Amino acid sequence: MSTMATRMAAAERRELMLDAATKMFAQGGYAGTSTDAVAREAEVSQPYVVRMFGTKLDLFIAVFERACRSIEDAFVRVIADSEFDASSEAGRDQLGEAYVELLRDSDLLHVLMHGFSAAAVPEIGQVARAGMEHIFETLRTTGWEDEQVRDFIAQGMLLNVLLSMNAFEERSGGLADLVSVCLPESLDQ
């Protein structure tokens, strides 16, 4: 019984560290974040972070993979819903709304942007490509043509870029117009 409780506590601690690492990597990216900063945010020792995850690269990859899985899982849930109709505009809207819900967690999406921009690091690049491939393949299960999947992903990436620039909060000039045509009404609240 105590072994199970210890495992559960370790799993919970791991998730708390991943949450802390997500916050710190969202702020500083891969290059600008140390395991010491993650440890401070998680309120654990730096050696404990290293013991649990290994290197900073291993920790970043765990955070980045979790972010990619969050997107994939959100789409899988919508597609598996018996009410989902991929051939309708409502079906596309359902998938869009699932993504909009993820936009509410700006740390998750900042980690994605940092991961894509750090893809020159071979191990991160491999994870970035695999993550995008899984998302693409998941969306293909809708029966959409590849061009429709591409356009859907492109719209999501544009939303990510706007989020990264804080364009949702600081609307002025032509950027305000771009945000207005891209920003789903549900996120504008």
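As shown above, the structure is provided for reference.
Just so it is clear, the structure is predicted and the values come from calculations on it, not from any experiment.

Conventions and cut-offs
In this convention, every chain numbers its residues from 1, walking through the sequence in written order. The predicted origin of the model limits local features to residues at a pLDDT of at least 70 and limits the giving and counting of side-chain atom pairs to 80 or more, whereas totals for whole chains, interfaces and linings rest on all residues. In computing side-chain properties, one takes all heavy atoms of the structure into account and sets aside hydrogens as well as water. Pairing of aromatic rings covers Phe, Tyr and Trp, the last counted by its six-membered ring, and requires centre-to-centre distances within 6.5 Å; plane angles under 30 degrees mean stacked, over 60 mean edge-to-face, and any other angle means tilted. Helix and strand labels come from DSSP, where a helix needs a run of H or I of at least four residues and a strand needs a run of E of at least two; each type is numbered from the N terminus. In this scheme, a residue with accessible area under 20% of its type's maximum is buried, one over 50% is exposed, and one in between is partly exposed, where area comes from a 1.4 Å probe on protein chains only. Throughout this description, the term charge over a ring refers to an Arg CZ or Lys NZ atom that lies within 6 Å of the ring centre and within 35 degrees of the ring normal. Any pair of N or O atoms that falls within 3.5 Å is considered a polar contact. Within protein, one atom must be able to donate a hydrogen and the other to accept it, and sequence-neighbouring residues count only if both atoms are side-chain atoms. By the convention used here, residues are in contact when the closest approach between their heavy atoms is within 4.5 Å.

(A) Representation of the packing of aromatic side chains. This model, assessed by the stated rule, comprises seven aromatic pairs. For the pair Phe25 and Phe60, a centre-to-centre distance of 4.9 Å together with 85° between the ring planes defines the contact as edge-to-face. Residue Phe25 is located in helix α1 (residues 2–28), and its partner Phe60 is located in helix α4 (residues 56–80); the two are separated by 35 residues in the primary sequence. Exposure class is identical for Phe25 and Phe60. Each is buried. Here a set of aromatic residues connected by ring pairs shows up, and it is made of Phe25, Tyr30, Phe60, Phe64 and Phe116. Just above the ring of Trp144 sits the side chain of Arg92; from NZ or CZ to the centre is 5.9 Å.

(B) Representation of the side chain of Arg66. As for its placement among the helices and strands, Arg66 is situated in helix α4. On the accessibility criterion, Arg66 (18% relative accessible area) is buried. At 2.8 Å, the side chain of Arg66 forms a polar contact with the side chain of Glu15. Beyond its immediate sequence surroundings of up to four residues, Arg66 is in contact with Glu15, Leu18, Asp19 and Thr22.

(C) View of helix α2 (residues 35–42). Listed in full, the buried residues belonging to α2 are Thr35, Ala37, Val38 and Ala39. Trailing α2 by a residue or two, Glu43 shows a phi angle of about 60°, which is positive.

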